[in-house]
Amino acid sequence: MRRLSRRQFSQMLAGVASSCALGSAQTPDPWAGDSIVDCHHHLRRTPEANIAHLDGAGLSNALALARENSVEQMQALEARYPGRFLGWFASADITKPEAEALLTKAIQNGARGLGEIKFHVEAAGPELRRMYALAAELKVPILVHFQEVPHTPTEGVFATGFRNFEAMLKAYPKTKFIGHADAFWANISADYNNESAYPSGKIKPEGVTDKLLSDYPNLFGDLAANSGNNALTRDPEFTPAFLKRHQDKLIFGSDCSCSDGKGGGISQAGNPGASRLAGKCVARETLTVLKKAASPEIFKKLTWENAHRTYGLKA
Ligand SMILES: [Zn+2]
Ligand SMILES: [Zn+2]
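Report follows, based on the coordinates. Remember, it's a predicted structure, so these values are computed and weren't measured experimentally.

1. Looking at the packing of aromatic side chains
- Taken as a whole, this structure holds 11 aromatic pairs when the rule is applied.
- With centroids separated by 5.6 Å and ring planes inclined at 65°, the aromatic side chains of Tyr132 and Tyr172 adopt a geometry described as edge-to-face. Of the two residues, Tyr132 sits in helix α5 (residues 126-138) while Tyr172 sits in the loop between α6 (165-171) and β6 (177-180), which places them 40 residues apart along the sequence.
- The exposure class of Tyr172 is buried, given its relative accessible area of 16%.
- Ring geometry for Phe162 versus Phe165: centroids 5.6 Å apart, planes at 20°, classification stacked. Exposure class is identical for Phe162 and Phe165. Each is buried.
- Through pairs of rings, three or more aromatic residues link up here, namely Tyr132, Phe146, Phe162, Phe165, Tyr172, Phe177, Phe184, Trp185, Phe238 and Phe242.

Next comes the structure, spelled out in C-alpha cells:
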C-alpha cells in the first residue's frame, strides 16, 4: 500500500469526519416533534426562502420581523403556507416624523408588535421614547436592538446608552420591552464595560440585564442571534439557573441568515465578530443549548408558551 502524505492523510480524515457528520444529520434533532416558534425571523424575499429556513432547522412556526408595509407579503405567505407564521412585527424609520402613523397603520393591518427597531439613536433619546409611548398606546410589544460596539468600521451603534435604559423601564411601565442584541446580552455579566461586542468567559453575577429582568415586569429578553447564543454558552455553569430564573420572560428566536436551516449560505453576514457561528445555523445552535440547559417544561416556555403569552400569537 502506498504511503499517504500528511496532506492526503488529513484529507482522508476530513472525509471520515464529513461522512460522520452526514450520519449524525440523519438522527433526529433533539427538538424534533416539538412545536417551536422562531420569534426572530427576518422576513425573506420569497415565501419559499422563509419556509426553507424553518424546515431545514426543524422549526414548526415563526413570527416574522417585517416592515410597516409588509401586509401583502405576509398575506401571500399565509396563503401559500397556512399556519406556519403566527404573526408579524412591523418596523419603520423612527427618525422620520411619519414613523408613528406608519406603524399605527401596520398594527391596524394586523402586525402584533413594533420591531425590530434598530436605529442610530440613543436608548433614552426622543425617537425611541416616542416609540415606547406608541407601543404602550397600541398595546403591543417593542423589540429593540441595543449595540454599543460597531461590528465594522462603518456600521455604527444602535439604541446606545444601555445604562440609561432602566430609567425608560420606569418611565414607561405600560410598555412591553423586548431586549435584544449585543449590549443587552453582554450586560448579563456585572463586569462588562463595552470592551467588545461579544465578551467571553465566566459571567460575573448580578449583571445589569439579569437584574433588570428580575426587577421589571415589563422587560423580556429575546434569545436570538450570536449575542444571545454567546450569553448562553460563554459560562455553561451560569446558564441553567439563568434560564430557570427568567423562565417566564425569555423568548427563543434565531436572527439567523443562513439559507437552509443548516448553516448554508452566509450565516453571519458582514459580522466578523460573530465568526464563531459562521457556517452554522443559529436556530440549531441555540435550541441545542436550550435542550441541554433547561428542563422540558422550561424549554416549552422558552420556545412556545412565552411567545404566545407575551406577543398574543395565534394558538
Ligand atoms: Zn438585531
Ligand atoms: Zn439558520
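Still to come is the rest of the account.
2. A closer look at the coordination of the zinc ion (ligand 1)
- Distances from the zinc ion (ligand 1) to its protein donors, Glu116 (OE), His145 (ND1) and His180 (NE2), fall at 1.9 to 2.2 Å.
- By relative accessible area, which is 6% here, His145 ends up buried.

3. Topic: the packing of helix α9 (residues 225-233) against helix α11 (residues 282-293)
- Where α9 meets α11, the axes come as close as 10 Å, and the angle between the chain directions of the two elements is 25°. Between α9 and α11, the interaxial angle falls into the category roughly parallel. For the pair α9 and α11, the sense of crossing is left-handed. Mapping the contact onto sequence places Ala225, Asn226, Asn229, Leu232 and Thr233 in α9 and Val282, Glu285, Thr286, Val289 and Leu290 in α11.
- Split into classes, the residues belonging to the contact of α9 with α11 amount to five nonpolar, four polar and one charged.

4. Points about helix α4 (residues 99-108)
- All of the buried residues in α4 are Ala99, Leu103, Ala106 and Ile107. Each buried residue of α4 lies within a common arc of 100° when the element is viewed along its axis, so the set occupies one face. Exposed side of α4, more than 90 degrees from the buried face: Ala101, Lys105 and Gln108 are the residues found there.
- Close packing links the buried residues of α4 with β3 (85-91), β4 (113-117) and α5.
- Of the residues flanking the end of α4, it is Gly110, one or two places downstream, whose phi is positive at about 115°.

5. Focus on the side chain of His40
- You can see His40 is positioned in strand β1 (residues 37-42).
- Of note is the side chain of His40, whose polar atom sits 2.6 Å from the side chain of Asp222.
- Beyond its immediate chain neighbours, meaning those up to four positions away, His40 contacts Leu63, Leu65, Glu116, Leu143, His180, Asp222, Ala224, Gly253, Ser254, Asp255 and Cys256.

6. What to know about the layout of surface pockets
- Looking at the largest pocket, its volume works out to about 650 Å³.
- Along the walls of the largest pocket sit 33 residues, with His42, Glu116, Lys118, His145 and Asp255 positioned nearest its centre.
- Secondary-structure elements contributing two or more residues to the lining of the largest pocket are β2 (61-67), β4 and α9.
- Among the residues making up the lining of the largest pocket, the classes are represented as nine nonpolar, 17 polar and seven charged.

7. Concerning the pairing of β6
- By the alternation rule, side chains of β6 split into Phe177 and Gly179 and Ile178 and His180, which are all buried.
- Direction of pairing for strand β5 (residues 142-145) relative to β6: parallel, over a ladder of four bridges. Note on β6: the bridge partner recorded for Ile142 is Phe177.
- In this region the chain leaves β5, passes through α6 and returns to the parallel neighbour β6; the handedness of that crossover is right-handed.
- Two strands pair when backbone bridges link them, and β6 and strand β7 (residues 219-222) are joined in this way by three bridges, in the parallel orientation. Looking at β7, one finds that Gly179 is bridged to Gly221.

Conventions adopted
Residues numbered from 1 in each chain as written. Chains lettered and ligands numbered in written order. Predicted model: local features only at pLDDT ≥ 70, side-chain atom pairs only at ≥ 80, totals over all residues. Heavy atoms only, no water. Phe/Tyr/Trp six-rings, centres within 6.5 Å; stacked < 30°, edge-to-face > 60°. Helix = DSSP H or I, 4+ residues; strand = E, 2+ residues; numbered from the N terminus. Buried < 20%, exposed > 50% of the residue type's maximum accessible area, 1.4 Å probe, protein only. Donors = N, O, S within 2.8 Å, 3.2 Å for Na, K, Ca; no water. Axes fitted to C-alpha atoms, helices over the stretch in contact; angles between N-to-C directions. Parallel < 35°, antiparallel > 145°, perpendicular 65-115°, else oblique. Left-handed = near helix turned anticlockwise from the far one by under 90°. Contact = heavy atoms within 4.5 Å. Nonpolar A, V, L, I, M, F, W, Y, C, P; charged D, E, K, R; others polar. Arc of directions from axis to C-beta. Polar contact = N/O pair within 3.5 Å; in protein donor to acceptor, adjacent residues only side chain to side chain. 1 Å grid on protein atoms, 1.4 Å probe; cavity = no way out; pocket = protein on both sides within 12 Å on 5 of 7 lines; lining within 4 Å. Points joined across faces, edges and corners; volume = space filled by probe spheres on them. Pairing = 2+ DSSP bridges. Right-handed = clockwise from strand over helix to strand, strands pointing away.

All quantities given are derived from atomic positions and should not be read as evidence of function.
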